[in-house]
Structure formats: C-alpha cells, structure tokens
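Listed here are the chains, written in short residue letters.
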Amino acid sequence: MIAYVEYKLTHNEISLLKKKVKKNSIYNNDSDKFELEQSEKIILKNLSESISDTIISSIINLDDN
C-alpha cells in the first residue's frame, strides 16, 4: 500500500513550501477478507499519521528558519 501526498503552504498568495511525501507499507494478503480489511485500515491509519507528522515537521522547520 502506498500513500502519496503533494502539499503547498502559502501565505498571502506567496508560496512558502511545496513538497511531496510518499510513504509505503508492505503487508501479507490474509486469506480472511475481514482480517485483510482490518489490516488495511490499520496500515492506512498508520501511513496517514506518518504523513501528517512529516507535514507538521516541515512546517515547524520552516518556522524555525
């Protein structure tokens, strides 16, 4: 599963930051459809949190500079 996000931070129509984030995760295809669905939800949640952390970190680093 791959999550790919492009984001741009602007202020008063001035571009301050433009980045791309790509996170991936590998998982086993469980034969049980319910387990597979639950695994995918957990992996997607973890990838989303990781991308959110990356975006927040880049904004904080921008503020520090």
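Residues numbered from 1 in each chain as written. Predicted model: local features only at pLDDT ≥ 70, side-chain atom pairs only at ≥ 80, totals over all residues. Heavy atoms only, no water.

Draft legend 1. How the structure looks around the environment of leucine 44. Along the polypeptide, leucine 44 turns up in helix α1 (residues 33-64). Using a relative accessible area of 45% as the deciding quantity, one classes leucine 44 as partly exposed. Distance in space between the C-alpha atoms of leucine 44 and methionine 1 is 7.9 Å, their sequence separation being 43 residues. (Helix = DSSP H or I, 4+ residues; strand = E, 2+ residues; numbered from the N terminus. Buried < 20%, exposed > 50% of the residue type's maximum accessible area, 1.4 Å probe, protein only.)

Draft legend 2. Highlighting the pattern of salt bridges. What the rule picks out here adds up to one salt bridge. A salt bridge links lysine 45 to glutamate 49; the shortest N-O distance between them is 2.7 Å. Taken together, the residues span about one helical turn, with lysine 45 and glutamate 49 both in helix α1 at a distance of four residues. (Salt bridge = Lys/Arg side-chain N within 4 Å of Asp/Glu carboxyl O.)

Draft legend 3. Here's a closer look at a nonpolar patch on the surface. Together, Ile14, Leu16 and Leu62 give the surface a local cluster of nonpolar side chains, amounting to about 250 Å² of exposed area. On the secondary structure map, leucine 62 appears in helix α1. (Patch = residues over 30% accessible without salt bridge, like charges linked within 9 Å, V, L, I, M, F, W, Y side chains within 5 Å. Areas by Shrake-Rupley, 256 points an atom, 1.4 Å probe, with all protein chains shown as cover.)

Draft legend 4. A look at the nonpolar core. Grouped together as the largest cluster of nonpolar side chains are seven residues: Ala3, Tyr7, Leu17, Val21, Ile43, Leu47 and Ile51. Secondary structure elements with two or more residues in this core: β1 (2-11), β2 (14-24) and α1. Element by element, the count of residues in this core is highest for α1, at three residues. (Core = buried A, V, L, I, M, F, W, Y, C linked by side-chain atoms within 4.5 Å.)

Draft legend 5. Highlighting the side chain of serine 58. Tracing the sequence through the fold places serine 58 in helix α1. With relative accessibility at 9%, the residue serine 58 sits in the buried group. One polar contact links serine 58 to tyrosine 7, side chain to side chain, over a distance of 2.7 Å. Sequence-distant contacts of serine 58, that is, excluding residues within four places in its chain, are made with Tyr7, Leu17 and Lys19. (Polar contact = N/O pair within 3.5 Å; in protein donor to acceptor, adjacent residues only side chain to side chain. Contact = heavy atoms within 4.5 Å.)

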